[in-house]
Amino acid sequence: MPHGRLKVKTSEEQAEAKRLEREQKLKLYQSATQTVFQKRQAGELDESVLELTSQILGANPDFATLWNCRREVLQRLEAQKSPEELAALVKTELGFLESCLRVNPKSYGTWHHRCWLLGRLPEPNWARELELCARFLEVDERNFHCWDYRRFVAAQAAVPPAEELAFTDSLITRNFSNYSSWHYRSCLLPQLHPQPDSGPQGRLPEDVLLKELELVQNAFFTDPNDQSAWFYHRWLLGRADPQDALRCLHVSRDEACLTVSFSRPVLVGPRTETLLLMVDESPLAVEWRTPDGRNWPGHVWLCDLPATSLNDQLPHHTFRVIWTAGDAQKECVLLKGHQEGWCRDSATDEQLFRCELSVEKSTVLQSELESCKELQELEPENKSQEDLEETVLFLTISSGCLLTIILLMRALDPLLYEKETLQYFQTLKAVDPMRAAYLDDLRSKFLLENSLLKMEYAEVRVLHLGHKDLTVLCHLEQLLLVTHLDLSHNRLRALPPALAALRCLEVLQANDNAIESLDGVTNLPRLQELSLCNNRLQQRMVLQPLASCPRLVLLNLQGNPLCQAVGTSEYLAELLPLVNSILV
């Protein structure tokens, strides 16, 4: 203090002092860590290791290896301490964990260690743990680490789902922007309202669903720029997982083959899903495979049939497939003089793409649709620089609102609202260009579902998907019986392996796309004509799958880059000697 005045450190002196302090802390940190590892390697797992790791974890709770060290020490001390000493040790450990959580409330290692510790206690105080969760969620109601721990505690303490649902009510009422609370509701409600065995798994009773729709509608109209309520609304509109079922059974006399389509991807084998085949009520041992020969989990599996099961001497043959794991079966008949027979579920009767709505539910959804349209129309008129913040807010609202409008239309009537849905997709892409690819694929999925419904209503086996701007193909397992497929004038980049499920396909047109791969044109037993004009096929190797189509007689590759390569015609003549007409 020269001249009676306190000397104030300069900014350079302060920075240097902080640097020296950090270096000193780092040395202590490294020294303590090294000592812990040395003791661990030497098997010296005693209370000194707890003290050393406390120093380090107290500053950095995310050091996972040190939590493992503490568990090893505690396991050893369990055999050495008296019950009273052990109880005191556990109490100290729980207090230390809580202090670590105050340092970092989202520390994976700390929450995991607390789960481990409580799981080893004979009589854990679960009420205290629920109170702990409530305190931390009071600070940050979106701390999903704490939510995970709360679900663990609630399960261990057998807390009734109704009480947990009431807890989510309290947090949502306080703040609608709570993804974890909304998600927890989606887990609790199916537990509180289980459907009978005959109903779809995860489907809510209509009175509960209508009440939830009212709650979430209040949320996104109170704070429309928050996305959490929109996500929950989408879950409410979504479909439950379908029940296990055999969707289609097809038998072909020409190919001596039986094909079955499942409601979900399965892996058929001796140690996995079991399929039993009964022919004329007698069991028949067969080997199952996927159409593309890869035998990966898939919707479609097939098997070869012996000639005795297909002879034309009897009036008919009955084929029944029993899926033991899925508790489902399906039967079809092959009549004398017929080359094929099949039995297929109806996409409309089985409500594969949408659920039938009651008058009450339809009224509620129609009301929500009109409300969402009104909210969408609140676009700010002035989009000058001064109103940029308001415009950004509108775009945030608009993205969730537009997608909800689309989903509401599909829930109400996908065919009636098809044209309007496509218009909203265009608007949504303009509002949310970062998700343009996802939206294109979702739009393609919806269009294909609509086309399948239209095809079924027309009772035909021809599907026209041209000029729809498709970017992806889905639900191909539903096309098992299709004979003619037109995919021309879209934006497809590949014919995917799942296309091999189209066992009855005779004509495939896929002109004017951006196709680079033909993996799906594999083992199509009836394919006769294939047109791939004006695509992006460049390498001859991509044509190899065509050799597996035994009935192919016409191939049109005009307008593809590989047509310019020298020797392409000769290569194709050697690869496909039975094809009568090859246009390049």
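Labelled according to an unreviewed UniProt entry, the chain appears under the name Geranylgeranyl transferase type-2 subunit alpha, originating from Canis lupus dingo. Word for word, the UniProt comment on the chain under Sequence similarities (unreviewed entry) is "Belongs to the protein prenyltransferase subunit alpha family." In its Catalytic activity (unreviewed entry) section, UniProt records this for the chain: "geranylgeranyl diphosphate + L-cysteinyl-[protein] = S-geranylgeranyl-L-cysteinyl-[protein] + diphosphate".

Peer 1: Whenever I open this one, the overall build of the chain confuses me. Can you help?
Peer 2: Of the regular secondary structure elements, the chain holds 16 helices and 15 strands. By residue count, 47% of the 584 residues in the chain fall in the buried class. Total accessible area computed for the chain in this model is approximately 29900 Å², and 52% of it derives from carbon and sulfur atoms.

Peer 1: Please clarify how the confidence of the model for the chain should be interpreted in this entry.
Peer 2: On average, residues of the chain score 85 in pLDDT, and 89% of them are at 70 or above. For the stretch residues 1-5, pLDDT sits under 50, and the model shows 1 contact to residues farther than four places along the chain or on other chains. Below a pLDDT of 50 lies the segment residues 381-396, which in the model reaches 13 contacts outside its immediate sequence neighbourhood of four places, other chains included.

Peer 1: What should I look at first to understand the environment of Arg128 in this one?
Peer 2: Secondary-structure assignment places Arg128 in helix H6 (residues 126-139). Residue Arg128 is classed as partly exposed on the basis of its relative accessible area, which comes to 34%. Beyond its immediate sequence surroundings of up to four residues, Arg128 is in contact with Leu94 and Leu118.

Peer 1: Quick question: what am I supposed to make of H6 here?
Peer 2: Side chains of residues three or four places apart in an α-helix project in the same direction, reflecting 3.6 residues per turn. With 14 residues, H6 should reach 20 Å at 1.5 Å per residue; the first-to-last C-alpha distance of 20 Å fits that figure. Along H6, the residues classified as buried are Trp126, Glu129, Leu130, Leu132, Cys133, Phe136 and Leu137. Down the axis of H6, the sector holding all buried residues measures 155 degrees, keeping them to one side. The outward face of H6, more than 90 degrees from its buried face, is lined by the exposed residues Ala127, Glu138 and Val139. Looking at the packing, one finds that the buried side of H6 touches helix H4 (83-103), helix H5 (108-119), helix H7 (144-156) and helix H8 (161-174).

Peer 1: Please clarify how the side chain of Ser261 should be interpreted in this entry.
Peer 2: As for its position among the elements, Ser261 is in strand S2 (residues 257-266). The class for Ser261 is buried, based on a relative accessible area of 1%. Engagement of the side chain of Ser261 in a polar contact is seen with the backbone oxygen of Glu477, the distance being 3.5 Å. Once residues lying within four places of it in the same chain are set aside, the contact partners of Ser261 are Ala245, Leu246, Arg247, Cys248, His299, Val300, Glu477 and Leu480.

Peer 1: Looking at this structure, I do not really get the packing of helix H2 (residues 47-57) against helix H3 (residues 64-78). What am I missing?
Peer 2: Where H2 meets H3, the axes come as close as 10 Å, and the angle between the chain directions of the two elements is 155 degrees. Relative to H3, H2 is oriented roughly antiparallel. In this structure, H2 crosses over H3, and the sense of that crossing is left-handed. The segment H2 lies against H3, with Glu47, Val49, Leu50, Thr53, Ser54, Ile56 and Leu57 engaging Leu66, Trp67, Arg70, Val73, Leu74 and Leu77. Tallied by class, the residues present in the contact of H2 with H3 amount to 9 nonpolar, 2 polar and 2 charged.

Peer 1: Quick question: what am I supposed to make of the pattern of salt bridges here?
Peer 2: If charged atoms from side chains of opposite charge come close, those side chains can pair. Counting across every chain of the model gives 36 salt bridges. Between Arg493 and Glu516 there is a salt bridge, with the nearest N and O atoms lying 3.3 Å from each other. With Arg493 in the loop between strand S11 (484-486) and strand S12 (507-509) and Glu516 in the loop between S12 and strand S13 (529-531), this residue pair connects regions lying 23 residues apart in the sequence. On the accessibility criterion, Arg493 (48% relative accessible area) is partly exposed. Its relative accessible area of 33% is what places Glu516 among the partly exposed residues. Overlapping salt bridges, with partners in common, bring together Glu255, Glu340, Arg461, Arg526 and Arg551 in one network.

Peer 1: It is not clear to me how the sheet that holds S11 should be interpreted in this structure. Could you clarify?
Peer 2: Backbone hydrogen bonds are what pair the strands of a sheet, in a parallel or an antiparallel way. Judged by pairing direction, the sheet is parallel, and its 6 strands sit side by side in the order S10-S11-S12-S13-S14-S15 without closing on themselves. Edge positions in the open sheet fall to strand S10 (462-464) and strand S15 (581-583), since each of these has one partner strand only. Across the sheet, the axes of successive neighbouring strands diverge by a mean angle of 0 degrees, strand direction being ignored. Summarising the sheet, S13 and strand S14 (residues 554-556) pair through 3 bridges and their orientation is parallel. Looking at S14, one finds that Leu530 is bridged to Leu555.

Here is what the cut-offs are and how they apply
Residues numbered from 1 in each chain as written. Predicted model: local features only at pLDDT ≥ 70, side-chain atom pairs only at ≥ 80, totals over all residues. Heavy atoms only, no water. UniProt positions renumbered as here; feature names shortened; annotations may be inferred. Helix = DSSP H or I, 4+ residues; strand = E, 2+ residues; numbered from the N terminus. Buried < 20%, exposed > 50% of the residue type's maximum accessible area, 1.4 Å probe, protein only. Areas by Shrake-Rupley, 256 points an atom, 1.4 Å probe, with all protein chains shown as cover. pLDDT = per-residue confidence, 0-100. Contact = heavy atoms within 4.5 Å. Expected span 1.5 Å × (residues − 1). Arc of directions from axis to C-beta. Polar contact = N/O pair within 3.5 Å; in protein donor to acceptor, adjacent residues only side chain to side chain. Axes fitted to C-alpha atoms, helices over the stretch in contact; angles between N-to-C directions. Parallel < 35°, antiparallel > 145°, perpendicular 65-115°, else oblique. Left-handed = near helix turned anticlockwise from the far one by under 90°. Nonpolar A, V, L, I, M, F, W, Y, C, P; charged D, E, K, R; others polar. Salt bridge = Lys/Arg side-chain N within 4 Å of Asp/Glu carboxyl O. Pairing = 2+ DSSP bridges.

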